[in-house]
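Chain and residue survey
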Amino acid sequence: MNKKQLRLEYKELRDSLTPEHIEEGSLEIANRLLDLPIWNFSYYHLFLSISEKKEVDTQLILHILQGKDKNIVLSKSDFKSGSLTNYLLTDSTVIKVNDWGIPEPVDGIEIPATKIDVVFIPLLVFDKKGNRIGYGKGFYDRFLSLCTKEVVKVGLSLFPAEEEIEEINEHDVPLDYCVTPDKIYNFKNL
């Protein structure tokens, strides 16, 4: 299927999820993340979930990172430029929901993309080759292109992989891993 069809299909699938399904799936994902070889790094970029879009709840991942005393980086979206500005999460960080429903830091200590070691990536759908589809604005592809080649890209999905996403282009940055409630997909050796 092409990106447009898959985006529509998975938005509908997400809409059908119950709060209990999201909570249970998010807990399974957080537990599975502990099995990934990603915990020896310092800087972890995390998205804060948009509950209205029924995304994976990242609060448990946030708690894991805090418990492991990691540097947590959150981004602020600039819809004019299509870019993300990344800020270190501290005790004084103020989080506000923007006009698009995204919880994000107001400001803070800016962290360059090249300093980030691991990025947890929101997505609507992914395939067995590590390709992913988000909301279509390209924020994460632009952001990931600014990171080092060694950055570890971890998708989070409440659904299993599709066989193949058609229409992948050269700007689409593939995942290294994708974690679902039932499985860890490893794309590093494909």
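Here is a short report on the structure shown in this document. (Residues numbered from 1 in each chain as written. Predicted model: local features only at pLDDT ≥ 70, side-chain atom pairs only at ≥ 80, totals over all residues. Heavy atoms only, no water.)

1. Some remarks on the packing of aromatic side chains
Stated precisely, the cut-off is as follows: What counts as a ring pair is set by centres within 6.5 Å for rings of Phe, Tyr and Trp (its six-membered ring), and what kind of pair is set by the plane angle: stacked under 30 degrees, edge-to-face over 60, tilted for all other angles. Helix and strand assignments follow DSSP, with helices taken as H or I runs no shorter than four residues and strands as E runs no shorter than two, numbered in order from the N terminus. Residue exposure (1.4 Å probe, protein chains only): buried if accessible area is under 20% of the type maximum, exposed if over 50%, otherwise partly exposed.
Following the criterion strictly, the structure yields 8 aromatic pairs and no others. Ring centres of Phe79 and Trp100 lie 3.8 Å apart, and the angle between their planes is 20°; on these two criteria the pair is classed as stacked. Pair noted here: Phe79 is in the loop between strand E2 (71–78) and strand E3 (83–88) and Trp100 is in the loop between strand E4 (95–97) and strand E5 (103–105), with a separation of 21 residues, a long-range link. Aromatic pair Tyr185 and Phe187: ring centres 6.3 Å apart, planes at 15°, arrangement stacked. Of the residues examined, Tyr185 reaches a relative accessible area of 11% and is grouped as buried.

2. Some words on a negative patch on the surface
The cut-off we apply is this: Exposure above 30% relative accessible area and the absence of a salt bridge qualify a residue for a patch, where like charges join within 9 Å and nonpolar side chains (Val, Leu, Ile, Met, Phe, Trp, Tyr) within 5 Å. Reported accessibility uses the Shrake-Rupley method at a 1.4 Å probe radius. Residues are deemed covered only where the shown protein chains occlude them. Salt bridges are defined by distance alone: a side-chain nitrogen of Lys or Arg within 4 Å of a carboxyl oxygen of Asp or Glu. Charged-residue counts in this description rest on Lys and Arg as positive and Asp and Glu as negative, His and the chain ends being excluded. Charge coordinates come from a single atom per side chain, which is NZ of Lys, CZ of Arg, CG of Asp or CD of Glu.
Taken together, Glu20, Glu23, Glu24, Glu28, Asp57 and Asp182 make up a surface patch of like negative charges. In this structure, Glu20 sits in helix H2 (residues 19–33).

3. What about the pairing of E2?
Under the convention used in this document: One requirement defines pairing of two strands: DSSP has to find at least two bridges between them. With strands facing away from the observer, any crossover in which the path from the first strand over the helix to the second runs clockwise is taken as right-handed.
Alignment of strand E1 (residues 43–45) against E2, held across 3 bridges, turns out to be parallel. Residue pairing across strands places Tyr43 opposite Asn71, the latter belonging to E2. Handedness of the crossover joining E1 and E2 through helix H3 (residues 59–67) is recorded here as right-handed. What sits between the antiparallel neighbours E2 and E3 is a turn of 4 residues, in which Gly82 has the positive phi angle 70°.

4. Points about the pairing of strand E9 (residues 152–156)
For E9, the buried fraction is high: 5 of the 5 residues fall into the buried class. Pairing of strand E6 (residues 118–122) with E9 involves 5 bridges; the strand directions are parallel. Note on E9: the bridge partner recorded for Val119 is Lys153. Pairing geometry for E9 and strand E10 (residues 177–179), over 3 bridges, is parallel. Note that in E10 the partner of Gly155 across the bridge is Cys178.

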